[in-house]
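Per-entry structural report
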Amino acid sequence: MTDRPSFADEEAVLRRARSLVGKTLRELYGAVPEVSGKGGFGTLLESLHFGLAPSTESAPDFGEAGLELKAAGLVRERDGWKAKERLVLNVINYERLVEEEEFTTSSFYRKNRRILLVLYEYQSDTKPADLRVLAVGVVDLERLDPAFALMVEQDWRAIRDAVRAGRAHLLSESDTFLLAACPKGSKAGKELRKQPNGPPAQQRAFSFKPAFVSVLARAVLDQQAAAREHIVEDPSELERRRFEEVVLGRLNAYSGMTVEEIRRLVDPDMTLSGKARFADLTRRMLGVRSRRIAEFDAAGIEVRTVRVEGSGRVRESASFPAFRMRELVRQSWRDSDLRNQLTRRLLFVFLVGPKDAPRFSHAAFWSLTEEDLEEARRVWVETVRRIRQGRVRGLPKKSFSSLVHVRPHGRNSLDVDEAPDGQKVTKQCFWLDSSYLAKVYAATKPVP
C-alpha cells in the first residue's frame, strides 16, 4: 500500500481508514520512519496512511468530508478497553475564543464536530509503527447522548467565560467535566500566549478527558457496556441548569439530616452496612440505584465520603488505587495516573459528627488548582526518584507534603508489589492528605 490517497468525500476517507483495522503501520508500509515522543503513532498515521502534512488550520483535516482525524490508544482492563490518556484537540486561541458567542458556531465546534477516531492497542514497549489498530469510527458531536452533548457545551462555555474574565492563566483541567483545557507544548508552563483581559497564559488545547474518551471508544468498538443509569433523565434540565447544579441541588436538599433520616426517606429497605454504605446512600440521594452512573463514568467523577469531627478535623486521608512501581517509573508526570486522577472533578460528601450517628453536612465539587498540581508533581517526582534509587521502603510520607503522600494500600502483608530492582514490598498508593480534606471542608461548608 504505497499509493498516496486522494479523498473526494467521506466514504473515500472511511474506506481508507477501515483498511487499517487489525493491522500495524509497519505491516502496511514496511520501512517506516522512526518517530519518538508523544503522538508518534498519530504523526505516522497522518503522513503515511492519509498523506496529510502537519497543519494548524482551524478547518477539519479532511475539509471535503468534514472529518477531523484523531488517534487514541486503549489499554485492556478487566471491565473492557479504556483510554490510555486524554484526546487532545485543537489549540485554544484565547483572543478568538473571547469573541465567540455560540458553541455551534465556535472554532472548536467547526473543527471537531465530526471526528474520525482511530483506536489502537497501547503497548508501553512497542514502537508506534508496531501498534495494532483495533477499530475506526466517526464521533459526531450532534449524535452524542444528549446529556453528554450538553455537558460538553457547558464545559466549553466555562472555559470561554474564564478566558473572558482574564483567568486563562488560572485554568485547570479539573475545572470541567468532559471537555478540558489541557497544557499544550513541550515546555509546560513556559509556552505563553496572549489573553485579552489578563496576563500571558500557558498555551492550552481543548481535550476530551480520558474517562470520556473511554466512553467514545466503547461506542466505536460497539461494546455492550454495563447497565448505567442517568442522573439527568430529561436532557432539557441541562438547558436550564449546569450539571453540577443538578447534582448538588439533589444532594444538598438533605443537608443537616442524619444518615438514618436520609435512609428512611430515600430507601427504607436499604441497610447501612459494609464499606460501600455511604456511596450507596449517595446514589439513592441522587435518584439512582446502579453503581454505574452514566454521567459520572463519562466525566471520571469520583465520589469521596469524608468523615469530619465536630471540631472540623478530618481523621482519614483519601486513597487512590495502588500503583505498580515498574509502571510508575516509566510514566511522565503529564501523562501519569496520579495527574489523571487529580485532574478529575472530585465530588466530596461530608458527614459530620459521631461515628454512630453522623449528619450529612453538604456535598461539593472540588478542583485542584495549578499550584496544588505542582505540589503533587513534586511528590510524584520524588517518589519516582526514590523508587529508581531502590529506596522503596522510604517513599514520601505525610511529613513530606500536606497535599499528597505515599503509604501502603495492600489487602494484607502478602499483597505485594515488585520494585524495578526486584525488592518486594506491600502495595503502595498515593493518598490525598486528611489536612487537605479539612481545608476543602472548611472552604465549602455552608455559612450558618
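Structure first, text after, so check above.
As the structure is a prediction and not an experimental result, all values here were calculated from the model. (Residues numbered from 1 in each chain as written. Predicted model: local features only at pLDDT ≥ 70, side-chain atom pairs only at ≥ 80, totals over all residues. Heavy atoms only, no water.)

Focus on the side chain of Thr343
Within the element layout of this structure, Thr343 appears in the loop between α14 (337-342) and β12 (346-352). Overall, the relative accessible area of 7% leaves Thr343 in the buried class. Polar contacts involving the side chain of Thr343 include one to the main-chain carbonyl oxygen of Arg339, which spans 2.9 Å. One polar contact links the side chain of Thr343 to the main-chain carbonyl oxygen of Asn340, over a distance of 3.3 Å. Apart from the residues lying within four places of it in its own chain, the contact partners of Thr343 are Glu173, Ser174, Lys209 and Leu373. (Helix = DSSP H or I, 4+ residues; strand = E, 2+ residues; numbered from the N terminus. Buried < 20%, exposed > 50% of the residue type's maximum accessible area, 1.4 Å probe, protein only. Polar contact = N/O pair within 3.5 Å; in protein donor to acceptor, adjacent residues only side chain to side chain. Contact = heavy atoms within 4.5 Å.)

Concerning the packing of helix α10 (residues 259-266) against helix α11 (residues 277-286)
Running from N to C, α10 and α11 cross one another at 50°; their axes reach a closest spacing of 10 Å. One way to sum up the angle between α10 and α11 is to call them oblique. Here the hand of the crossing between α10 and α11 comes out left-handed. Residues Val259, Ile262, Arg263 and Val266 of α10 pack against Phe278, Leu281, Arg284 and Met285 of α11. Residue classes in the contact of α10 with α11 are distributed as six nonpolar, no polar and two charged. (Axes fitted to C-alpha atoms, helices over the stretch in contact; angles between N-to-C directions. Parallel < 35°, antiparallel > 145°, perpendicular 65-115°, else oblique. Left-handed = near helix turned anticlockwise from the far one by under 90°. Nonpolar A, V, L, I, M, F, W, Y, C, P; charged D, E, K, R; others polar.)

Digging into the sheet that holds β12
Taken together, the three strands give an open sheet; going across it, the order is β10-β12-β13, and neighbouring strands pair in mixed fashion. The open sheet terminates on both sides in strands that have one partner only, identified here as β10 (302-308) and β13 (359-366). Across the sheet, the mean angle separating the axes of adjacent strands is 20° when strand polarity is ignored. Here β10 runs beside β12; their pairing, made up of seven bridges, is parallel. Across the sheet, residue Val306 finds its bridge partner in β12, namely Phe350. (Pairing = 2+ DSSP bridges.)

Some points on helix α15 (residues 370-388)
The terminal C-alpha atoms of α15, which comprises 19 residues, lie 27 Å apart, in line with the 27 Å expected from a rise of 1.5 Å per residue. Those residues of α15 that are buried are in contact with α13 (325-328), α14, β14 (404-408), β17 (428-432) and α16 (434-444). Taken from the residues just after α15, Gly390 is the one with a positive phi, measuring 85°. (Expected span 1.5 Å × (residues − 1).)

Concerning the sheet that holds strand β2 (residues 80-83)
Spatially, the four strands line up as an open sheet ordered β2-β1-β4-β5, and their pairing is mixed. Of all the strands in the sheet, the pair left with one neighbour each is β2 and β5 (133-140). Strand-to-strand twist across the sheet, computed as the mean angle between neighbouring axes with direction ignored, equals 35°. Relative to strand β4 (residues 114-121), strand β1 (residues 68-77) is paired through seven bridges, and the arrangement is parallel. Opposite Ala72, over in β4, you have Leu119 as the bridge partner. Set on the sheet, helix α3 (residues 40-49) makes contact with β1, β4 and β5; between it and β1 the angle comes to about 140°.

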